[in-house]
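# Tertiary structure, described
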2 protein chains.
Amino acid sequence: MMGSLIISTGDELLRGALADTNGAFLAALCDDMGVPCARMAIIGDDESALADLLSDAIGRYVLVLCSGGLGPTTDDVTTRAVSRAFGVPLERNPLARAQVEERFRQRGRAMSPINLKQADLPVGAVVLENPAGTAPAFMMTASGTRAVFLPGPPVELQAVMDRHVSAIFPSGVGPSRVVLRCTGEGESILQERMMPVETAFPGVRVSYRASFPEVSITLSSADPVPLWQCREKAISAIGESLFSTDGCSLAERMIGLLTERRLTVATAESCTGGLISHLLTLVPGASACVRGAVVAYDNAVKTSALGVPEEVLRTKGAVSEETVCAMAQGVCQSLLADIAIATSGIAGPTGGSADKPAGTVHIAVVHPLGILHRKFLFNGINRTRVIAASAAAALKMTLDLLENR
Amino acid sequence: MMGSLIISTGDELLRGALADTNGAFLAALCDDMGVPCARMAIIGDDESALADLLSDAIGRYVLVLCSGGLGPTTDDVTTRAVSRAFGVPLERNPLARAQVEERFRQRGRAMSPINLKQADLPVGAVVLENPAGTAPAFMMTASGTRAVFLPGPPVELQAVMDRHVSAIFPSGVGPSRVVLRCTGEGESILQERMMPVETAFPGVRVSYRASFPEVSITLSSADPVPLWQCREKAISAIGESLFSTDGCSLAERMIGLLTERRLTVATAESCTGGLISHLLTLVPGASACVRGAVVAYDNAVKTSALGVPEEVLRTKGAVSEETVCAMAQGVCQSLLADIAIATSGIAGPTGGSADKPAGTVHIAVVHPLGILHRKFLFNGINRTRVIAASAAAALKMTLDLLENR
């Protein structure tokens, strides 16, 4: 028998209104749980198409994960298709009924008789409580195939999978996992560095996911002892581009450290245009340590709001070590922050020259003990990516400083 | 025969390393071109699985769009699978060879003999030049089914579809389209407003795509006359939430208008934390009109950097009409801008109160003729969405002002 088949249903998927992120989520989970996905299928709200797919899958795949079509309206056809494919009638399931009623009670909303349709499940269904919505999920088994039917809204689907993961996966217990988040190096360089680690720990699965300007490396193993040893080796193999071993983002990690140490931060941004400040203030609780920012896009603003001497701008240029350090010192003083981050660079596509090509970015961080400066060249990427890479590099520099690395 | 079958290939898709955005892109295009997608399949880099899928599809679907597996490495198996399914051998295609060689010449890179594998195509293949990469796309026809094989990297796939759209779609010519972009109203409200327009123009297809905080409405028709009439009716039905009829984003539209009128802009941001400035500076050429921004997250910064009187903060609070207007006036003066946008609100999840719940946001726009203020309540959405909705609302208010609406 093959590993898993993932089916996503919904007319909106076939119209291309959205990409099937549920499929990718489930595929990654199957991979981690040791039942790799062999095929994915996307079909409309179509009872016959689903019944045919399920009939073909019974006895061929260990696991079928099917999402969508569990709602109360007429285009929600999943239970009828399951009934046809498994050759069993629908019946009102008392546990599912209780869950639907309870969910409406919690929300203080009136329930129409039509909502009870969600409690009509195929005979033999094992109900999986949905902690995030009204549609109960359920599981069927036949000819060695376990088929799980999940709600379509991603937040509900993920909540059901989280709660019932050990009931759903045939092995019962999944492997332990460690997620290492990195920035500043591409996926292929990180893969190269990890090669000896992968060779030394054949029992640990290593997977890479790039989401610019970040790469996440996931280690997973059913046995926690080699997993922990592998984690230590991986941390030293990856080196300085690693910024999180607990899933936190760069900005979350930084807000956490600043809050813990009662330090405040301000930014003076030119090429990043406010993105660093935006990333920091997305984190709940940012107001405890973020003082504010000055986006000095125009050179006159660098002088008037940040005190960058006109002569520095004239002789060294806006994109220079001298300017970016003066920007950091200026915002540190004017916004009374403990730490200040400044950026100045050429995001492109225009504005570059032979000695300062597009992608040239200077970053400075002022802190109680001094000032740190670095120059970067983000070449071969577009404007949006230069801006994103600059913001990540600035946060990473500051984090390293806070951690004395 | 059924409409279209979309096949995406690649082991990384089955591992859940990424969602299949190519599939969604192609499905939307098929929908727009009048050959709706009937099913999508995602398989690994697996010659037999692809050959089986293609054999089943020939004679059943009008159009098959298959992406991935056209590269030069051993896991690129598409051409061999096509050869099996269509029952024709591979041969070195002279046109494809010339394109591969030309592409390497342009990039100034050496070509290894292995790259010539990309020019080995099934007999009968019609080559579709790939303007963005080395792998030539191609098209096969059998039993009324047209099958198109596309490169996997999204930028290459989209470039091939753009260039060859009229060759690929059986109708030869696609319908004309109009995209109306809106913000400030949900999809269901817009659908309701559009209902009489949809009824009046049955020959015009209307589709909706929500991407918070925006909704795009696409009108398409093979006949431009009703399409144009429908566009006019739709514009008046949608009302003030419409901001673009030419595909431009809010920020692009605003940078365009400001540049045209030689006006400059600055922002004073509290709850949006720099997002408005970030969105404006993402637009190439923003430096012609963006002076900069002050992110005044801390109240002391609202006073020191923006000149908001301490008494206003004490008596009216940071989240008030008086504060946000003073912020806008302050940044307008200090950064010497023609137009200034200010935001102050409670992004949540904490910080709200009974009379100022989380989601309360004040926005002010200072312009040469005066000052405009509005209060918004973005309730029932999370912190990230409150911030995104506030930034969109601020840009929309400013655009309306620039357009005298």
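Overview of the structure. (Residues numbered from 1 in each chain as written. Chains lettered and ligands numbered in written order. Predicted model: local features only at pLDDT ≥ 70, side-chain atom pairs only at ≥ 80, totals over all residues. Heavy atoms only, no water.)

## Topic: helix α9 (residues 250-261) of chain B
The end-to-end C-alpha distance of α9(B), which contains twelve residues, comes to 17 Å, matching closely the 16 Å that a straight helix rising 1.5 Å per residue would cover. Downstream of α9(B) by a residue or two, B:Arg262 has a phi angle that is positive, lying close to 55 degrees. (Helix = DSSP H or I, 4+ residues; strand = E, 2+ residues; numbered from the N terminus. Expected span 1.5 Å × (residues − 1).)

## What to know about unusual backbone geometry
Cis peptide bonds are those with omega within 30 degrees of zero, and the linkage from A:Gly348 to A:Pro349 qualifies with 0 degrees. Its identity as a non-glycine residue notwithstanding, A:Ser143 has a phi of 45 degrees, on the positive side.

## Considerations on the nonpolar core
Of all hydrophobic cores here, the largest spans 48 residues; its most connected members are A:Leu65 and B:Leu65. Here A:Leu65 is in contact with A:Leu5, A:Ile6, A:Ile7, A:Leu26, A:Cys30, A:Val148, A:Leu150, A:Met161 and A:Ile168, once residues within four sequence places are set aside. Counting residues in each nonpolar core, the second largest holds 46 residues, with A:Val294, A:Val308, B:Ala318 and B:Ala342 among its members. (Core = buried A, V, L, I, M, F, W, Y, C linked by side-chain atoms within 4.5 Å. Buried < 20%, exposed > 50% of the residue type's maximum accessible area, 1.4 Å probe, protein only. Contact = heavy atoms within 4.5 Å.)

## Things to note about the sheet that holds strand β7 (residues 137-142) of chain B
Within the open sheet, the twelve strands sit side by side as β6(A)-β7(A)-β8(A)-β3(A)-β1(A)-β2(A)-β2(B)-β1(B)-β3(B)-β8(B)-β7(B)-β6(B). Their pairing is mixed. Each edge of the open sheet is held by one strand with a lone partner, namely β6 (126-128) of chain A together with β6 (126-128) of chain B. Pairwise comparison of adjacent strand axes, ignoring direction, gives a mean angle of 20 degrees for this sheet. Sheet topology places β6(A) next to strand β7 (residues 137-142) of chain A; three bridges connect them, and they run antiparallel. (Pairing = 2+ DSSP bridges. Axes fitted to C-alpha atoms, helices over the stretch in contact; angles between N-to-C directions.)

## Looking at the side chain of B:Ser270
Residue and element names in this part refer to chain B. Structurally, the position occupied by serine 270 is in the loop between β13 (265-269) and α10 (275-282). A polar contact of 3.3 Å, which involves the side chain of serine 270, links it to the side chain of lysine 302. Filtering out sequence-adjacent residues up to four positions away, serine 270 remains in contact with Ala296, Tyr297, Lys302, Met327, Thr343 and Ser344. (Polar contact = N/O pair within 3.5 Å; in protein donor to acceptor, adjacent residues only side chain to side chain.)

## Some details on the relation of the copies chain A and chain B
For the pair chain A and chain B, the best superposition has an RMSD of 0.3 Å and corresponds to a rotation of 180 degrees with a translation of 0.2 Å parallel to the axis. Both chain copies can therefore be described as sitting about a two-fold axis. In this assembly, 100% of the residues forming the interface of chain A have copies in chain B that are likewise at the interface, indicating an isologous arrangement. (Least-squares fit on C-alpha atoms with pLDDT ≥ 70 in both.)

## Concerning helix α6 (residues 154-168) of chain A
Its 15 residues place the ends of α6(A) only 17 Å apart at the C-alpha level, less than the 21 Å of an ideal helix rising 1.5 Å per residue. For α6(A), the secondary structure elements touched by its buried residues are α2 (21-32), β3 (61-67), β6, β7 and β8 (145-150) of chain A.

## Things to note about the packing of aromatic side chains
For any pair of aromatic rings, the description consists of the separation of the ring centres together with the inter-plane angle of the planes. In this structure the tally under the stated criterion is four aromatic pairs over all chains. For the ring pair A:Phe376 and A:Phe378, a centre distance of 5.5 Å and an interplane angle of 10 degrees mean the geometry is stacked. Taken individually, A:Phe376 and A:Phe378 each receive the classification buried, so the pair is uniform in this respect. Judged by centre distance (5.0 Å) and plane angle (25 degrees), the rings of B:Phe138 and B:Phe149 are stacked. Linking B:Phe138 in strand β7 with B:Phe149 in strand β8 (residues 145-150), this pair joins segments that are eleven residues apart in sequence. Just above the ring of A:Trp228 sits the side chain of A:Arg231; from NZ or CZ to the centre is 4.5 Å. (Phe/Tyr/Trp six-rings, centres within 6.5 Å; stacked < 30°, edge-to-face > 60°. Lys NZ or Arg CZ within 6 Å of the ring centre and 35° of its normal.)

## Some thoughts on the pairing of strand β14 (residues 290-296) of chain B
Within β14(B), seven of the seven residues are buried, leaving the element largely enclosed by the surrounding structure. Bridge count for strand β14 (residues 290-296) of chain A against β14(B) is five bridges, and the pairing is antiparallel. Counted as the bridge partner of A:Ala296 is B:Gly292 from β14(B). Sheet topology places β13(B) next to β14(B); five bridges connect them, and they run parallel. In the sheet register, B:Val265 faces β14(B), and the bridge partner there is B:Val290. In this view, the connection linking β13(B) to its parallel neighbour β14(B) by way of α10(B) has right-handed handedness. (Right-handed = clockwise from strand over helix to strand, strands pointing away.)

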